[in-house]
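Fold and geometry: a report
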Amino acid sequence: MKSPETSSTSHTDPGLPTGLLPPDWPGVRSAEVFRGLHERLRDAGARFVGL
């Protein structure tokens, strides 16, 4: 099994306009989930590392 660093397939959002993405592209939902988790965990994480 290849690690993400050596995989020949990119798993990053290409940043294409919505009209050019496949209908089931998870990028928008993934970004929403990331933002929500970041907002919820940012302060606790900063406290944990002493910032």
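Now for a description of the structure that goes with this document. Computed from a prediction, not measured in an experiment: that's the story for all the values here.

1. A word on the overall build of the protein
Helix and strand counts for the protein come out as one helix and zero strands. The 51 residues of the protein split such that 4% are buried. A total of about 4,900 Å² of accessible surface is found on the protein, and carbon and sulfur atoms cover 61% of it.

2. Overview of the pattern of salt bridges
Scanning all chains against the criterion turns up two salt bridges. Of the charged contacts, one joins Glu32 and Arg29 as a salt bridge, the two residues approaching to 3.9 Å between their closest N and O atoms. Of the two residues, Glu32 and Arg29 both sit in helix H1 (residues 27-48), three residues apart, roughly one turn of that helix. The partner of Arg42 in a salt bridge is Asp43, and the shortest N-O contact between them spans 3.7 Å.

3. Some details on the environment of Gly27
On the secondary structure map, Gly27 appears in helix H1. According to the relative accessible area criterion, Gly27 is buried, its value standing at 13%.

4. Observations concerning H1
An ideal rise of 1.5 Å per residue puts 32 Å on 22 residues; H1 measures up with 29 Å between its terminal C-alpha atoms. In the structure, H1 departs most strongly from a straight axis at Leu41, where the bend amounts to approximately 45°. Positive phi appears at Gly50, one or two residues downstream of H1, with a value of about 80°.

5. Considerations on a nonpolar patch on the surface
Side chains of Val33, Leu37 and Leu41 sit close together on the surface and give an oily, nonpolar patch of about 230 Å² of accessible area. By the element assignment, Val33 lies in helix H1.

The rules behind each value
Residues numbered from 1 in each chain as written. Predicted model: local features only at pLDDT ≥ 70, side-chain atom pairs only at ≥ 80, totals over all residues. Heavy atoms only, no water. Helix = DSSP H or I, 4+ residues; strand = E, 2+ residues; numbered from the N terminus. Buried < 20%, exposed > 50% of the residue type's maximum accessible area, 1.4 Å probe, protein only. Areas by Shrake-Rupley, 256 points an atom, 1.4 Å probe, with all protein chains shown as cover. Salt bridge = Lys/Arg side-chain N within 4 Å of Asp/Glu carboxyl O. Expected span 1.5 Å × (residues − 1). Bend = angle between axes of the 7 residues up to and from the residue. Patch = residues over 30% accessible without salt bridge, like charges linked within 9 Å, V, L, I, M, F, W, Y side chains within 5 Å.

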